[in-house]
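So the chains spell out like this:
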Amino acid sequence: MNKRKPIVAGNWKMHNTTVETHNLIKQIITKGKNLGENCEVIIAPPFTSIACAIEAVGGNYIQVAAQDLFWEDKGAFTGQISGPMIKEIGCSHVIIGHSERRQYFGETDESVNKKIDAAIRNNLIPIFCLGETLAEREADRTFEVMKRQLTMGLGSLVIPNALNFIVAYEPVWAIGTGKTASPEQAQEAHAFLRKELAVFRGEDFANKTRILYGGSVKPDNAKDLMECADIDGGLIGGASLKAEDFIGIIEQGTGI
Ligand code: PGA
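A brief look at the structure comes next. If you're wondering where the values come from, they're calculated on a predicted model, not measured in any experiment.

Things to note about the packing of helix α7 (residues 142-154) against helix α8 (residues 183-201)
At a minimum axis distance of 10 Å, the contact between α7 and α8 shows a crossing angle of 40 degrees. Considering the angle they form, α7 stands oblique to α8. Regarding α7 and α8, the two cross each other, and that crossing is right-handed. Across the interface between the two elements, Phe143, Met146, Lys147, Leu150, Thr151 and Leu154 of α7 pack against Glu188, Ala189, Phe192, Leu193, Glu196, Leu197, Phe200 and Arg201 of α8. Within the contact of α7 with α8, the residues separate by chemical class into nine nonpolar, one polar and four charged.

Below you can see the structure in the form of C-alpha cells.
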C-alpha cells in the first residue's frame, strides 16, 4: 500500500486572537468548500484560540490541533497545558517537537519522547516534527540527525495505529526563510525516514505513516513537493495565515 490520504496542517504559531481566528476559519470554510474530500485539513491555533476555532469549525471538515502539550496530565506545573485539557476542549492532534520549541524553549529528544507518550495516552494524534539545521546539513549530518531524532523521539513507545501518528520533516533552514527544500532533497529525506520507520516499526507501519514536509511551502511549490512518492502533505506556517494561500496549497498539493 502506498496511497496514503494526504494531510495539510496549518501551524499558526503565535498568531491570531480569538476574533482573528474566527474570521480566518470562516474565510477558509466559505472559500474552500470541498477541501476535506481527498485530504485531511488541520489547523493549529494558539492555546487561547482553540475553543474559538472549534466553535468556528462547527463540525466542518477542519480538525483542530494544539501546538504543544506538557507530558504530565496534571500537577504543579505553572504555565503548562496537559493532554486531558487539550482533548477535552476538542483537539484531535498535537504538534510535538517543532524546531522553534527545540531552539527557543529547550525541547530535547527526551522531552519530545515524553510528550509523544502523553499524546498517545490521551488519544491525541501526535504530529512529530524533526529536521536538521543548516550547519548539520552542511556538515553532512542530515541523516544521522534525523535518525537520532526519530529513534529517540519514539524510543520504546507503543503506537497502536500508524494512521494515528504523523511525522513532519521540517529542515530548520527552510522554516520561515523562503528557502524551500527542493522536491529531490525533501523526497530523499522522507524516503530515509520511511526506511528507518520500517526498520524500527515494520514495513506496514512505515507504509501507513503520513510524513509531511514543512518549510516555506507556498501554493506555487506545493504540487511539486506533494507529488513526491514519500511526501504525504504539508505542515504550513506563514502561508497558513492567509485563507487564499492555505486553500491554494491544499488545491495544488492534492490536485482537487
Ligand atoms: P513556514 O513554517 O511554512 O513559515 O516555513 C513551517 C513550520 O514551521 O511548520
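Details of the pairing of strand β2 (residues 40-44)
Counting buried positions along β2 gives four out of five residues, so the element sits mostly inside the fold. Pairing between strand β1 (residues 7-11) and β2: five bridges, direction parallel. What sits directly across from glycine 10, in β2, is isoleucine 43. The parallel pair β1 and β2, bridged by helix α1 (residues 18-31), forms a crossover whose chirality is right-handed.

Topic: the pairing of strand β8 (residues 233-236)
For a regular strand, the rule is simple: side chains alternate between the two faces of the sheet. Of the two faces of β8, the one holding Gly233 and Leu235 and the one holding Gly234 and Ile236 are both buried throughout. Judged from the four bridges that link them, β1 and β8 form a sheet pairing that is parallel. Along β8, the bridge assignment pairs valine 8 with glycine 234. In this sheet, β8 lies alongside strand β7 (residues 210-214) in parallel orientation, the contact comprising two bridges. Across the sheet, glycine 214 pairs through a bridge with leucine 235, a residue of β8. At this point the chain moves from β7, through helix α10 (residues 219-226), to the parallel β8, and the crossover so formed is right-handed.

Some details on the packing of aromatic side chains
With the rule as written, the count across this model stands at seven aromatic pairs. Ring plane angle 45 degrees and centroid distance 4.9 Å describe the contact between phenylalanine 70 and phenylalanine 77, whose orientation is recorded as tilted. When its relative accessible area of 10% is taken as the criterion, phenylalanine 70 is described as buried. Judged by its relative accessible area of 35%, phenylalanine 77 falls in the partly exposed class. With a centroid separation of 6.5 Å and an interplanar angle of 50 degrees, the aromatic rings of phenylalanine 128 and phenylalanine 165 are classed as tilted. Residue phenylalanine 128 is found in strand β5 (residues 125-130), and its partner phenylalanine 165 is found in the loop between α7 and β6 (166-169); the two are separated by 37 residues along the sequence. Across the pair, phenylalanine 165 and phenylalanine 128 agree in class, each one buried. Grouping aromatic residues by their ring pairs yields a cluster made of Phe70, Trp71 and Phe77. Between the NZ or CZ atom of lysine 114 and the centre of the ring of tryptophan 71, over which it lies, the distance is 4.1 Å. Over the face of the ring belonging to phenylalanine 200 we find arginine 201, whose NZ or CZ atom lies 4.9 Å from the ring centre.

Reading the values: rules and limits
- Residues numbered from 1 in each chain as written.
- Predicted model: local features only at pLDDT ≥ 70, side-chain atom pairs only at ≥ 80, totals over all residues.
- Heavy atoms only, no water.
- Axes fitted to C-alpha atoms, helices over the stretch in contact; angles between N-to-C directions.
- Helix = DSSP H or I, 4+ residues; strand = E, 2+ residues; numbered from the N terminus.
- Parallel < 35°, antiparallel > 145°, perpendicular 65-115°, else oblique.
- Left-handed = near helix turned anticlockwise from the far one by under 90°.
- Contact = heavy atoms within 4.5 Å.
- Nonpolar A, V, L, I, M, F, W, Y, C, P; charged D, E, K, R; others polar.
- Buried < 20%, exposed > 50% of the residue type's maximum accessible area, 1.4 Å probe, protein only.
- Pairing = 2+ DSSP bridges.
- Right-handed = clockwise from strand over helix to strand, strands pointing away.
- Phe/Tyr/Trp six-rings, centres within 6.5 Å; stacked < 30°, edge-to-face > 60°.
- Lys NZ or Arg CZ within 6 Å of the ring centre and 35° of its normal.

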